[in-house]
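# Examining the three-dimensional arrangement
Below are the chains, spelled out letter by letter.
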Amino acid sequence: CRPAAAVSAAYVGQRFRKLAQVLRGAGRDADAVAAGADAALDAALAKLLLGLSSEAAGQEGEGVAPELLDAAKVQELLRAVLQLLDHSADASKVVHLPLSSFLRAAVAPLRCLPT
C-alpha cells in the first residue's frame, strides 16, 4: 500500500467546518458554519484549501477551488492542529499562517468587545 498523494478538498473542508463549529461551542448550530452562512469563514476556508493545493501558485488569482490537495501539505496542517489541541503541553506556538487566518475567522463570532 503506497502513501496517498492527494486528499479530497471537500473532505478537508467538511472537517474544518466541523472544527469551526466545535471551537464556537457545543450550543452552536451546524447551520452557523454551513457553506454560505458565514462569508468570513467561507473566505478563510477557501484560502486555506487553496494554499494546500499542489497547484496553488497558478490558481491564486483565479479563485478556483481545488478538488485535490497535496497530502504532504495536509499532513503539515494537521500536525499544527494537533499541536494546538495537545492538552498535555503547557503552551504551544504554531506558525501556520493559513491556519491562523482560518481560526481567527472561526472564533470571530465569539468576540464580546468591538475591534
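Refer to the structure printed above.
In this report, the structure presented in the accompanying data block is examined. Per chain, residues are indexed from 1 in the order of the written sequence. Reporting in this predicted model follows two pLDDT cut-offs: at least 70 for local features of residues, and 80 or more for side-chain atom pairs to be given and counted; totals over whole chains, interfaces and linings ignore these cut-offs and use all residues. Just so you know, side-chain values use all the structure's heavy atoms and leave hydrogens and water out.

## Here's the deal with the environment of L45
The test is simple: Only runs of H or I of at least four residues qualify as helices and only runs of E of at least two qualify as strands under DSSP, and these elements are numbered from the N terminus. Exposure is judged per residue with a 1.4 Å probe applied to protein chains only, and the accessible area is read against the type maximum: over 50% gives exposed, under 20% gives buried, and values in between give partly exposed. Throughout, a residue-residue contact means that at least one pair of heavy atoms, one from each residue, lies within 4.5 Å.
Structurally, L45 is set in helix α2 (residues 39-52). The exposure class of L45 is buried, given its relative accessible area of 4%. With residues up to four places along the chain from it excluded, the contact list for L45 reads G13, F16, R17 and F102.

## Quick look at the layout of surface pockets
Just so we agree on the cut-off: Grid points spaced at 1 Å over the protein atoms alone were grouped into cavities, where a 1.4 Å probe fits but cannot get out, and pockets, open sets with protein on both sides within 12 Å along at least five of seven lines, with lining residues defined by an atom within 4 Å of a point. Grid points are joined across faces, edges and corners, and a volume is the space filled by probe spheres set on the points. For this classification, Asp, Glu, Lys and Arg are treated as charged, while Ala, Val, Leu, Ile, Met, Phe, Trp, Tyr, Cys and Pro are nonpolar and the rest, including Gly, are polar.
Reported here for the largest pocket is a volume of approximately 200 Å³. Taken together, 13 residues make up the lining of the largest pocket; nearest its centre are A46, K47, L49, A65 and P66. Sorting the residues of the lining of the largest pocket by element identifies α1 (9-24) and α2 as the ones contributing at least two each. Of all the elements, α2 adds the most residues to the lining of the largest pocket, at seven residues. When its residues are assigned to classes, the lining of the largest pocket shows nine nonpolar, one polar and three charged. By volume, the second largest pocket is sized at about 160 Å³.

## Observations concerning the environment of R111
Tracing the sequence through the fold places R111 in the segment after α5 (97-107). Given the relative accessible area of 53%, R111 is considered exposed. Distance from R111 to L69, taken between C-alpha atoms, is 32 Å for residues 42 residues apart in sequence.

## Notes on the nonpolar core
Cut-off, in case you're wondering: Note on terminology: a nonpolar core comprises buried Ala, Val, Leu, Ile, Met, Phe, Trp, Tyr and Cys residues joined through side-chain atoms within 4.5 Å.
If you look at the biggest cluster of nonpolar residues, it comprises 21 residues, and the most contacted ones within it are V12, F16, L48, L52, L69 and F102. Among the secondary structure elements, those contributing two or more residues to this core are α1, α2, α4 (71-85) and α5. A per-element tally of this core places α2 first, with six residues. Not counting residues within four places of it along the chain, the set of residues in contact with F16 comprises L45, L48, L77, L78, V81, L99 and F102.

## Quick look at the packing of α2 against α4
Counted only if it meets this: Here, axes are lines fitted to C-alpha atoms. For helices the fit covers the stretch in contact, and angles between N-to-C directions go from 0 to 180 degrees. Roughly parallel means an angle under 35 degrees; roughly antiparallel means over 145; roughly perpendicular covers 65 to 115; every other angle is labelled oblique.
At their nearest, the axes of α2 and α4 sit 8 Å apart, and the two run at 130 degrees to each other. Here α2 lies oblique to α4, going by the angle between them. Between α2 and α4, the residues in contact are L48, G51 and L52 and K73, V74 and L77, respectively. Partitioned by chemical class, the residues of the contact of α2 with α4 number four nonpolar, one polar and one charged.

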